[in-house]
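Coordinate inspection notes
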Amino acid sequence: MAASIFTAVPRAPPVAVFKLTADFREDGDARKVNLGVGAYRTDEGQPWVLPVVKKVEQMIANDHSLNHEYLPILGLPEFRANASRIALGDDSPAIKENRIGSVQSLGGTGALRIGAEFLRRWYNGNNNTATPVYISAPSWENHNSVFVDAGFKDIRTYHYWDAAKRGLDLQGLLDDMEKAPEFSIFILHACAHNPTGTDPTPDQWKQIAAVMKRRFLFPFFDSAYQGFASGSLDKDAWAVRYFVSEGFELFCAQSFSKNFGLYNERVGNLTVVGKDADNVQRVLSQMEKIVRTTWSNPPSQGARIVATTLSSPQLFAEWKDNVKTMADRVLLMRSELRSRLESFGTPGTWNHITEQIGMFSFTGLNPKQVEYMIKEKHIYLMASGRINMCGLTTKNLDYVAKSIHEAVTKIQ
């Protein structure tokens, strides 16, 4: 029998976070805890379908005027408009001046990819694969992959995490921006930085914006946690809105996976802010071409859920309350974990646990300590030391805290 034409294809390494979940499922130990998965869990350790989502799904099911016809290539108009509105704010000058546009996408990843494909084709010259793309060190691993796969050849990192003080390395970040070639692209986390959970303050964002404006650097925001981070939609969108108010043209990738709990519906949006309506419409015309050969047009169910919720004052208020429920549980788990570690006298400082924000915390555990946690304690977390705070519950907090204490005490 002839050899397969695929014989030379190497096996790709598994995606780390999905491999971690698979290992967790196969673990038979009753004490096991999954702190790896990037999804919300209740205090019972279960997924949560938001009550407002259940309500809207029923409304959609009962609306006999709806059908399964194709959506426009750029997506459901009422979804796109409302998604951009919550990112930019009701009183956004860009919205009032009609110089924004948007593309419904397959999750935040799809928004990043469409934006990256467009920038490679049309930004800083035509098909300029040499434009530097700067990604924070560390960052969500998909950022690098998306821009590499879009054709960019010069992916660089900028300073972000200061391991010694377990906080933001603002000076290193600003120095990297000062040294970056003009027109470089910077991927910025709008809020709840993944994986560190450490965000710039408003004053620090102002310093970042000032350097980016002077150096002609392009901001590409990734907003995956709006509302989920602090419990406030406005607070979590502050950075994006400030950059718009400063006159930047920018992209903002939005995900509704976390703040609506719509992980498998793949609901995302790419908001484009330009100098004027004509520029934005030309950008969208090219993005339409990219979408056509990528997914042709997007699915409707998740977009309808989000659009219906955001366009009704009553449902919108209910959604904000649901989001605050999730955010408050995360904040509670942060304070409880920190207080336990400090009461045990665990070596090191643990104030960063409560100073960080959003779903993830960068614990500061090193790879050997992480290995101890997984192999000896059956607590699954990323090799970087990142944990999902939603994996903590009132039932496993003591066990996790004691295990971290042991790991830090025993393993250097």
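Data block above holds the structure.
This write-up is about the structure you can find in this document. (Residues numbered from 1 in each chain as written. Predicted model: local features only at pLDDT ≥ 70, side-chain atom pairs only at ≥ 80, totals over all residues. Heavy atoms only, no water.)

1. Considering the overall build of the protein
- Tallying secondary structure elements over the protein gives 17 helices and 13 strands in all.
- Counting only C-alpha atoms and orienting by the principal axes, one finds that the protein spans roughly 65 × 60 × 55 Å.
- Of all 412 residues assigned to the protein, the portion counted as buried reaches 53%.
- Sequence separation of 24 or more characterises 76% of the internal contacts of the protein that already satisfy a separation of 6 or more.
- Of the roughly 18,700 Å² that the protein leaves accessible, carbon and sulfur atoms contribute 53%. (Helix = DSSP H or I, 4+ residues; strand = E, 2+ residues; numbered from the N terminus. Buried < 20%, exposed > 50% of the residue type's maximum accessible area, 1.4 Å probe, protein only. Contact = heavy atoms within 4.5 Å. Areas by Shrake-Rupley, 256 points an atom, 1.4 Å probe, with all protein chains shown as cover.)

2. Focus on the packing of helix α7 (residues 170-179) against helix α8 (residues 202-214)
- It is the contact of α7 with α8, at a shortest axis distance of 9 Å, that shows an interaxial angle of 10°. On the basis of their axis angle, the class for α7 and α8 is roughly parallel. When α7 is examined against α8, the residues Leu170, Leu173, Leu174, Met177 and Glu178 are found in contact with a partner set consisting of Gln204, Gln207, Ile208, Val211, Met212 and Arg214.
- For the contact of α7 with α8, the per-class residue count stands at seven nonpolar, two polar and two charged. (Axes fitted to C-alpha atoms, helices over the stretch in contact; angles between N-to-C directions. Parallel < 35°, antiparallel > 145°, perpendicular 65-115°, else oblique. Nonpolar A, V, L, I, M, F, W, Y, C, P; charged D, E, K, R; others polar.)

3. Observations concerning the side chain of Arg99
- Mapped onto the elements, Arg99 comes out in the loop between α4 (93-96) and β2 (100-106).
- Polar side-chain contacts of Arg99 include one of 3.0 Å to the backbone oxygen of Gly274.
- When sequence neighbours within four positions are dropped, the list of residues in contact with Arg99 reads Pro93, Ala94, Val244, Val272, Val273, Gly274, Lys275, Asp276, Ala277 and Val280. (Polar contact = N/O pair within 3.5 Å; in protein donor to acceptor, adjacent residues only side chain to side chain.)

4. Comments concerning the pairing of strand β4 (residues 155-159)
- Inspection of the sheet shows strand β3 (residues 133-137) paired to β4 by five bridges, in the parallel sense. Bridging across to β4, Val133 finds its partner in Ile155.
- For the handedness criterion, the β-α-β arrangement of β3, helix α6 (residues 141-149) and β4 is classed as right-handed. (Pairing = 2+ DSSP bridges. Right-handed = clockwise from strand over helix to strand, strands pointing away.)

5. Regarding the packing of aromatic side chains
- On inspection of all chains with the given rule, the structure shows 25 aromatic pairs.
- Each ring, one from Tyr123 and one from Phe218, has its centre 5.3 Å from the other, and the planes form 50°; the classification is tilted. Residue Tyr123 is located in the loop between α5 (107-122) and β3, and its partner Phe218 is located in strand β8 (residues 218-223); the two are separated by 95 residues in the primary sequence. The exposure classification of Tyr123 matches that of Phe218, with both residues buried.
- Look at Phe243 and Phe248: their rings are 4.8 Å apart centre to centre, the planes differ by 40°, and that puts the pair in the tilted class.
- With a relative accessible area of 0%, Phe243 lands in the buried category.
- Among the aromatic side chains, those forming a connected cluster through ring pairs are Phe118, Tyr123, Phe147, Phe152, Phe218, Phe220 and Phe251.
- Over the ring of Trp350 we find Arg166, and its NZ or CZ is 5.2 Å from the ring centre.
- The cationic tip of Arg386 hangs over the ring face of Phe360; the distance from NZ or CZ to the ring centre is 3.7 Å. (Phe/Tyr/Trp six-rings, centres within 6.5 Å; stacked < 30°, edge-to-face > 60°. Lys NZ or Arg CZ within 6 Å of the ring centre and 35° of its normal.)

6. So, the environment of Ser361
- With respect to the element layout, Ser361 can be found in strand β11 (residues 360-362).
- By relative accessible area, Ser361 is classed as buried at 0%.
- For the pair Ser361 and Val53, spaced 308 residues apart in the sequence, the C-alpha separation amounts to 27 Å.
- If sequence neighbours within four positions are ignored, Ser361 has contacts with Pro195, Arg334, Ile353, Gln356, Gly385, Arg386, Ile387 and Met389.

7. Here's the deal with the sheet that holds strand β10 (residues 267-273)
- Reading across the sheet, the seven strands line up as β2-β10-β9-β8-β7-β3-β4 and stay open at both edges, with mixed pairing between neighbours. Where the open sheet ends on each side, the last strands, each with one partner, are β2 and β4. If you compare each strand with its neighbour and ignore which way they point, the axes differ by 25° on average.

8. Here's the deal with unusual backbone geometry
- Going from Ala137 to Pro138, the amide bond is cis rather than trans, its omega being 0°.
- Mapped onto the elements of the fold, Pro138 is located in the loop between β3 and α6.
- For the bond running from Asn194 to Pro195, omega is 20°, close enough to zero to count as cis.
- Position of Pro195 among the secondary structure elements: in the loop between β7 (185-189) and α8.

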